[in-house]
Amino acid sequence: MAKNETMRRSVDENAEAAEHLASGLADGLAAHGWTVATAESLTGGTIASVLSAAPEASTWFRGSIVAYSPEVKFGLLGVPRGPVVTETCATRMASRTAELLGAEVSVAVTGVGGPEPDEGQPPGSVWFAVVSPAGTHTEKVTFEGDPPAVLAATSEHAITLLHRVARGELP
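Residues numbered from 1 in each chain as written. Predicted model: local features only at pLDDT ≥ 70, side-chain atom pairs only at ≥ 80, totals over all residues. Heavy atoms only, no water.

Participant: Would you explain the side chain of Thr-35 in this entry?
Facilitator: Examined against the element boundaries, Thr-35 turns out to sit in the loop between helix H2 (25–32) and strand E1 (36–40). Contact partners of Thr-35, with chain neighbours within four places excluded, come to Thr-59, Trp-60, Arg-62, Gly-102, Ala-103, Glu-104 and Val-105. (Helix = DSSP H or I, 4+ residues; strand = E, 2+ residues; numbered from the N terminus. Contact = heavy atoms within 4.5 Å.)

Below you can see the structure in the form of structure tokens.
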């Protein structure tokens, strides 16, 4: 198979996956009049890529801050200095990103993709925070697998949390 054909197939598959993952999210957000932003560390913009490929994204997706470096978290997002694989870090990333990008809802992820532990946390450890007008929800999940599997599972879980907020199941 030619390189261009392989890349095109990959793009088509990614677009299909994005549409599936974000299906119904626009309607749920529109019912509240909410927009969404993301703050990403270990996912490096993957969540934003999925959301921006979704139908009608221009009406509800505000953008993303990829804060891969701890210094970006500390400086731009105002995360307190110290470990960054924490609930405090995820919460601050989400709230500051919502403020900076003018979104009502923001989801943040920070964690250890692996393959080695970091900050005393095992590979696959991820903190999530979602802020919305209804409040803040945080949770820690540990995913199994190699770094690409952790990244994919983290991105999918973050989008699931956005769905749950839009449906009123989470604050």
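We are not done yet, so read on.
Participant: Could you clarify how one ought to interpret the pattern of salt bridges in this entry?
Facilitator: Proximity of charged atoms lets side chains of opposite charge pair with each other. For the structure shown, the criterion picks out 4 salt bridges. Here Glu-99 makes a salt bridge to Arg-96, at a shortest N to O gap of 2.5 Å. Of this pair, Glu-99 and Arg-96 are both found in helix H6 (residues 87–101), 3 residues apart, which corresponds to roughly one turn of the helix. Note that Glu-169 and Arg-167 form a salt bridge whose closest N and O atoms lie 2.8 Å from each other. Several salt bridges share partner residues, and in doing so they unite Arg-164, Arg-167 and Glu-169 into one network. (Salt bridge = Lys/Arg side-chain N within 4 Å of Asp/Glu carboxyl O.)

Participant: Honestly, H6 in this entry has me stumped. Any pointers?
Facilitator: For H6, spanning 15 residues, the distance from its first C-alpha to its last is 21 Å, which sits close to the expected 21 Å at 1.5 Å a residue. Those residues of H6 that sit buried are Cys-89, Ala-90, Met-93, Ala-94, Thr-97 and Ala-98. Buried residues of H6 fall within an arc of 155° about the axis and therefore sit on the same side. Structurally, H6 contributes buried residues whose contacts are with E1, strand E2 (61–66), helix H5 (70–75), strand E3 (105–111) and strand E4 (125–132). (Expected span 1.5 Å × (residues − 1). Buried < 20%, exposed > 50% of the residue type's maximum accessible area, 1.4 Å probe, protein only. Arc of directions from axis to C-beta.)

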